[in-house]
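Below, each chain spelled out in residue letters.
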Amino acid sequence: MNNEITIKIDGKAIKTKPGLNLVDVATEHEIFIPSLCYYKHIDPPLGTCRVCVCKINGNAMPACTRKTYDGMEVELNSEELLDTRKAIVEMMFAEGNHFCPACEKSGDCDMQHMGYEMGISHTRFPHLFKDRLIDFTPKRMLIEHNRCVKCRRCVEEVFSDSGERVFSFCNRGNETIVGIDYEQEATLSEEQAFAAMHLCPTGAILVKGKSFAHPFGDRRFDKTSAHKSEKSTSAAAPLPKDMSPKTKKIIATTSLAGCFGCHMSLLDVDLALLDIIKVVDFNKSPLTDIKEFTEQCDVGLIEGGCCNAENIEVLREFRKKCKLLVSVGECAIWGGVPAMRNTVPLEECLEEAYLNSMTTEPGENTVPYHEDLPKILDKVYPCHELVKIDHHIPGCPPTANHIWKAVSNLLWGDEFSVLYSEFKYD
Amino acid sequence: MNRTQTLDALWSFQRSHGYLTDLFVKECAKDLGISTVELEGVISFYHFFRRQSAGEFTIYINNSIVSECKGYRRIKSAFERETGATLGQVDPSGKFGLFETPCIGLSDQEPAALINFFPFTNLTTLKVKHIVAELKKGTPLHTLSDDVPDHLRYTPPIDKSICIREYHQGRAVLKLANLGDEGVIEQVKLASIKGMGGAYFPTGLKMEACRSIKAEMKYVVCNADEGEPGTFKDRVLMNKYPGLLLEGMIASGYAVGAREGIIYLRAEYYWMMEHLRATIQDFYKRGFLGKSVAGIIGFDFDIRVQLGAGSYVCGEETALLNSMEGKRGEPRTKQFYPTERGFLNQPTLINNVETLCAVGRVVELGAQHFLKTGTKNSPGTKLLSISGDCHLPGIYEIEWGTKISDILNKCQADDPYYIQISGPSGVCLSKSEFDRSISMEDVKCGGSFMIFNSKRDILSILQNFTAFFKHESCGVCTPCRAGNYIIERKLIRIANGLAYPADYEEIKRWGEIMRMTSRCGLGQAATNTLSMAIDKFPEFFAQKVDQNGAGLNMKFNMEQALQPYERFKD
Ligand SMILES: Cc1cc2nc3c(=O)[nH]c(=O)nc-3n(C[C@H](O)[C@H](O)[C@H](O)COP(=O)(O)O)c2cc1C
Ligand code: SF4
Ligand code: SF4
Ligand code: SF4
Ligand code: FES
């Protein structure tokens, strides 16, 4: 008997066999269904992350838990589904505390990879900044609860030689964490511990001293996209030639709670800067050292989020003076590295920095407070929570090309899109 | 030890020692042949299991919305004052532990609390003072606890009533032999009995599916988890007609070829356990359970009670199966129906208490009796648990098709303004909809019917619901685990006056994402009411936000954001 069947994905007929996993079948036919918790060897599939949701014969369900059958009709890339899947990954970023620039797994991380693949530039959800533990107690591993996405792979796959689970979900709801059994963990061999680290789709399970086994630049997702045919769209919009000083566009920039890295990155365009200043004037900006706005600007580039009252004042002024406002870099977009403090009460942060610090001079035991000093906010706020932001340019920092391409498209072109290779730069 | 005995073992230790000690957890895990962390995972899933002392007297105050309306805050302060314990903690002497828990199924007599799982109802500050003083004196707890009245308020005339009518033990069971197994299913289908647990799935079809699968062992499970806030009909049925429930289970077992029945009873109803067990014993004595039930050769059927341990999601059928298997009560992926692979992977028929009682009645009274009333798609009657702002909260057996306004009259609701049907997972109705009817054709109702008057703050109601879902999410899938948390934040912004009309659109879209992607009904339904309320109460929501829209500057509470830093001044 011929057991070939036909299924349809977005109208495209595919001949395959019945009872195969839909994600696998799609991959085999070079159709990309995003997935995160799905792991080939685990049966039944975990179905925890919900990143692979699509519509099967009209009903929304995760593709990874579905097996092929004759007449299966899969709706995959409708606008609604693309947005929904993106939202799920955004939720994971908003729920955990993911500081990629400081993460050992960056470039090797399935979740980060999905973020890039889906073109996430910012999360629509507020980051929750829940205080989570980093557990150094296990013998070989360390568990970074800030990064765990509760995919459950480790729970179902990692067993000690005596056949007992090393990991288990503990607690419930948003308090759920992956618990580790210290006794069982201690019995794992080096290879078993490694296997657990590689199994984890994020940087939540690390083997002490071995987390940088692959150097950056050499990691799984450093260069290649899972989309076999990378759809590249418009390159940078051409800069208009011969602009009279009157039609030149005007840009302002500022660095709030950032590290000036994004500004450094701006300068990385090198000689192209000479072309740019033919068509663009800079107004208030650290680049020009102009301290006060002297005219209305076309675009304001904001680096950094708001960590003190002055940041907010500056940001609000930019909003007044600029037609378009762009958050450049992670800190402006959601707080970034400075927001690491958001999981801890401000009092604790300041006491740790000023009172308990090893470098505190004897007798110098005050936290600075003076009317001339900007007042510090309870947490670091992303710019879009304070003013309307028209555009987000992600990256930590974004590359010079990426920034200028985005800006020139905003000024002279329309929608811009970025190549995977430009988007990815760890 | 068998894994299915896990919850029982944990309960038994906790009852005698107050909480689960490290040593016990270690040894219990060893007995079960699982790692300690796996057992910790199970324990920490259920909020009634304690890993630290919870006081000699553990008090759980109900924090559901009805309780909130009836004086939760007052009662909480009274308990704090009298016991010296703050909420969430044990008092310094270790005598009293004070905690809160979602709906305990006593919405008709709120505010209510459980003390060591004995019910205390209609609490007042004076009553709390008295209870605590007596406990301090050493008065035995059971002498202080309240009898829980059934509050049966309305039932149709005898020719139409189904559940709430006189019960005579054995009437259904003794008819089984004549009816035959297929006969039972036929009657159930004829009477169009549907799942009363909230999913309305045709019970006859489920029975047929279960019957059609060949297996060594099949199970009938009674879902007595009744966790949906505002419902208490199952409590009343089990209290008043435990025999009817057993007969329904026996009939179902007979129909599908099952040998064992299990009642999954929520821990909040522990106080009814003895009553149920005694009824079961009585059935054994009369030959209605055990070998050759009611003389039917070859039909052996046992029933036991499995106690839950505090988790709303365990009412979801596949979560309930996991819980009975001694695991975390996480819903399974929907690859198989329980009728294919259920308890211990065997075909399992899971039905709600009321559904099973209806099955008992259909065998006793015949399907024709059901067809005398109700509507085309929903013949028969439905039990409503009515609570909230009305003079006569309690159980109403209404004919399907009854108008909402009729019901409001019957229960004497003076100023009904906002009605929540089927609990937080259900739908809300505004005044303009009171001429609609409870039926499959119009407004479906799983049982909970909560009335709120025009003085109630709708946003607080919705915040209470969201807090409930956040607390009860099992945490296994992203959209529900993170989504409810995120929505909660959004509601806080609205409550603080920092939101804009666009926030309502976002809530609806985010809710839609949760509905589309969540694994089980909890996450899927969690934002239904919220989205609906925004549309149905436009005036209310309009006044909560700045109508001029966000503009270019968002509102920000600078004073609040600077508060922690200001504490460093001088
Ligand atoms: C989150 C959630 C909670 C539920 N809680 C209950 C419950 O407490 N009692 C109940 O009978 N059904 C509950 N259900 C419905 C059950 O999953 C299942 O549909 C029902 O037990 C089937 O019985 P029925 O067909 O007799 O209604 C719940 C469903 C969900 C998704
Ligand atoms: S695990 Fe690390 S690399 Fe992956 S998303 Fe989180 S912070 Fe980024
Ligand atoms: S630790 Fe890693 S593998 Fe385990 S659940 Fe978390 S993200 Fe998944
Ligand atoms: S929807 Fe919520 S309760 Fe249901 S499986 Fe997902 S996390 Fe668990
Ligand atoms: S990949 Fe399908 S649910 Fe996670």
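Residues numbered from 1 in each chain as written. Chains lettered and ligands numbered in written order. Predicted model: local features only at pLDDT ≥ 70, side-chain atom pairs only at ≥ 80, totals over all residues. Heavy atoms only, no water.

## Let's talk about the overall build of chain B
Now for step 1: Looking only at helices and strands, chain B features 24 helices and 15 strands.
Now for step 2: Relative to the globule expectation of 25 Å for 570 residues, the C-alpha radius of gyration of chain B, 24 Å, shows essentially globular dimensions.
Now for step 3: Along the longest, intermediate and shortest principal axes, the C-alpha atoms of chain B span 85 × 60 × 45 Å.
Now for step 4: For chain B, buried positions account for 61% of its 570 residues.
Now for step 5: Intrachain contacts of chain B at a sequence separation of at least 6 include 72% that bridge at least 24 residues.
Now for step 6: Summing over all exposed atoms, chain B offers an accessible surface of approximately 21,000 Å²; the carbon and sulfur share of this is 49%. (Helix = DSSP H or I, 4+ residues; strand = E, 2+ residues; numbered from the N terminus. Rg over C-alpha atoms; globule rule 2.2 N^0.38 Å. Buried < 20%, exposed > 50% of the residue type's maximum accessible area, 1.4 Å probe, protein only. Contact = heavy atoms within 4.5 Å. Areas by Shrake-Rupley, 256 points an atom, 1.4 Å probe, with all protein chains shown as cover.)

## Quick notes on the overall build of chain A
Now for step 1: Along its length, chain A carries 13 helices and 17 strands.
Now for step 2: Compactness check: chain A gives a C-alpha radius of gyration of 25 Å against a globular reference of 22 Å for 426 residues, within 12% of the reference.
Now for step 3: Here chain A holds 426 residues, and 53% of them are scored as buried.
Now for step 4: Considering only contacts in chain A between residues 6 or more positions apart, those separated by 24 or more positions represent 70%.
Now for step 5: A distance of 5 Å separates the average location of the 48 positive side-chain charges in chain A from that of its 63 negative side-chain charges. (Lys, Arg positive; Asp, Glu negative; His and termini not counted. Charge placed at Lys NZ, Arg CZ, Asp CG, Glu CD.)

## Thoughts on the domain arrangement of chain A
Now for step 1: By domain assignment, chain A separates into domain 1 (5-77) and domain 2 (249-412).
Now for step 2: Between domain 1 of chain A and domain 2 of chain A, the C-alpha centre-to-centre distance is 43 Å. (Domains from an automatic or database assignment.)

## Quick word on the confidence of the model for chain A
Now for step 1: For chain A, per-residue confidence averages 89 on the pLDDT scale, and residues scoring 70 or more make up 91% of the total.
Now for step 2: This stretch, residues 228-234 of chain A, has a pLDDT under 50; its non-local contacts, to residues over four places away or in other chains, come to twelve contacts. (pLDDT = per-residue confidence, 0-100.)

## Quick notes on the site of ligand 1
Residues and elements named next belong to chain B.
Now for step 1: Of all residues adjacent to ligand 1, which total 19 residues, the nearest are Gly 197, Asn 223, Asn 351, Asn 352 and Thr 355.
Now for step 2: Here an oxygen atom of ligand 1 sits 3.1 Å away from a polar atom, N or O, in the main chain of Gly 227.
Now for step 3: Considering ligand 1 on its own, with 600 Å² of exposed area, one finds that the protein chains cover 90% of that surface.
Now for step 4: Looking at the shell around ligand 1, the elements with two or more residues in it are β10 (348-352) and α21 (521-525).
Now for step 5: Top contributing element to the shell around ligand 1 by residue count: β10, with three residues.
Now for step 6: Along the lines of polarity and charge, the residues of the shell around ligand 1 split into five nonpolar, nine polar and five charged. (Near = heavy atom within 4 Å. Polar contact = N/O pair within 3.5 Å; in protein donor to acceptor, adjacent residues only side chain to side chain. Nonpolar A, V, L, I, M, F, W, Y, C, P; charged D, E, K, R; others polar.)

## Some thoughts on the domain arrangement of chain B
Residue and element names in this part refer to chain B.
Now for step 1: Taken as a whole, chain B is organised into domain 1 (3-45), domain 2 (57-144), domain 3 (154-370), domain 4 (381-453) and domain 5 (458-564).
Now for step 2: Spacing between the C-alpha centres of domain 4 and domain 5 amounts to 25 Å.
Now for step 3: Of the residues lining the interface, 13 residues belong to domain 4; the matching set on domain 5 comes to 14 residues.
Now for step 4: A buried area of about 1,100 Å², summed over both sides, lies between domain 4 and domain 5, and 71% of it is on carbon and sulfur atoms.
Now for step 5: Between the two partners, domain 4 and domain 5, sit one salt bridge.
Now for step 6: As a salt-bridge pair, Lys 536 and Glu 433 come within 2.9 Å of each other at their nearest N and O atoms.
Now for step 7: For the interface between domain 4 and domain 5, the tally reads five residue pairs in polar contact (both at pLDDT 80 or more).
Now for step 8: At the level of elements, β13 (416-421), β14 (427-430) and β15 (448-453) are the ones that each hand at least two residues to the side of domain 4 that touches domain 5.
Now for step 9: Tallying contributions element by element places β14 first for the side of domain 4 that touches domain 5, with four residues.
Now for step 10: Residues belonging to the side of domain 4 that touches domain 5 are distributed by class as follows: eight nonpolar, four polar and one charged. (Buried area = accessible area lost by both parts, 1.4 Å probe. Salt bridge = Lys/Arg side-chain N within 4 Å of Asp/Glu carboxyl O.)

## Observations regarding the interface of chain A and chain B
Now for step 1: Contacts between the two partners involve 69 residues from chain A, matched on the other side by 62 residues from chain B.
Now for step 2: Summing both partners gives a buried area of about 5,500 Å² for chain A against chain B, and 58% of it is carried by carbon and sulfur.
Now for step 3: On the chain A side of the interface with chain B, the three residues burying the most area are A:Leu128, A:Arg172 and A:Tyr369, jointly 15% of the side's total.
Now for step 4: Applying the counting rule to chain A against chain B returns eight salt bridges.
Now for step 5: Notably, a salt bridge pairs A:Lys375 with B:Glu566, separated by 2.9 Å at the nearest N-O pair.

## Here we look at the state of the cysteines
Residue and element names in this part refer to chain A.
Now for step 1: Tallying each qualifying case throughout the model produces zero disulfides over all chains.
Now for step 2: Cys 322 carries a free sulfur, and the closest cysteine sulfur to it, the one in Cys 297, is 4.7 Å from it.
Now for step 3: Residue classification places Cys 322 among the buried positions, given a relative accessible area of 4%. (Disulfide = S-S within 2.5 Å.)

## Thoughts on the nonpolar core
Now for step 1: Judged by nonpolar contacts, the single largest core of 188 residues is most densely connected at A:Phe167, B:Ile250, B:Ile263 and B:Phe541.
Now for step 2: Top element by residues in this core is helix α12 (residues 242-256) of chain B. It accounts for nine residues.
Now for step 3: B:Ile263 has contacts with B:Cys222, B:Ala224, B:Leu245, B:Leu246, B:Met249, B:Leu276, B:Ile303, B:Arg304, B:Val305 and B:Gln306, leaving out every residue within four places of it along the chain.
Now for step 4: In terms of nonpolar packing, the next biggest core, distinct from the first, is built from 22 residues, A:Cys297, A:Cys306, A:Ala332 and A:Leu377 among them. (Core = buried A, V, L, I, M, F, W, Y, C linked by side-chain atoms within 4.5 Å.)

## A few points about the environment of A:Asn59
Residues and elements named next belong to chain A.
Now for step 1: Mapped onto the fold, Asn 59 is located in strand β4 (residues 59-62).
Now for step 2: For Asn 59, a relative accessible area of 46% puts it in the partly exposed group.
Now for step 3: The sequence separation of Asn 59 and Gly 305 amounts to 246 residues, and the corresponding C-alpha distance is 40 Å.

## As for the sheet that holds β15(B)
All names here are of chain B.
Now for step 1: Spatially, the six strands line up as an open sheet ordered β6-β12-β11-β15-β13-β14, and their pairing is mixed. In this open sheet, the two strands that pair with only one neighbour each are β6 (152-154) and β14. Across the sheet, the axes of successive neighbouring strands diverge by a mean angle of 30°, strand direction being ignored.
Now for step 2: Alignment of β6 against strand β12 (residues 394-399), held across two bridges, turns out to be parallel. Counterpart to Leu 152 in the pairing with β12 is Ile 395.
Now for step 3: Helix α18 (residues 458-472) contacts β13 and β15 of the sheet and is inclined by roughly 15° relative to β13. (Pairing = 2+ DSSP bridges. Axes fitted to C-alpha atoms, helices over the stretch in contact; angles between N-to-C directions.)

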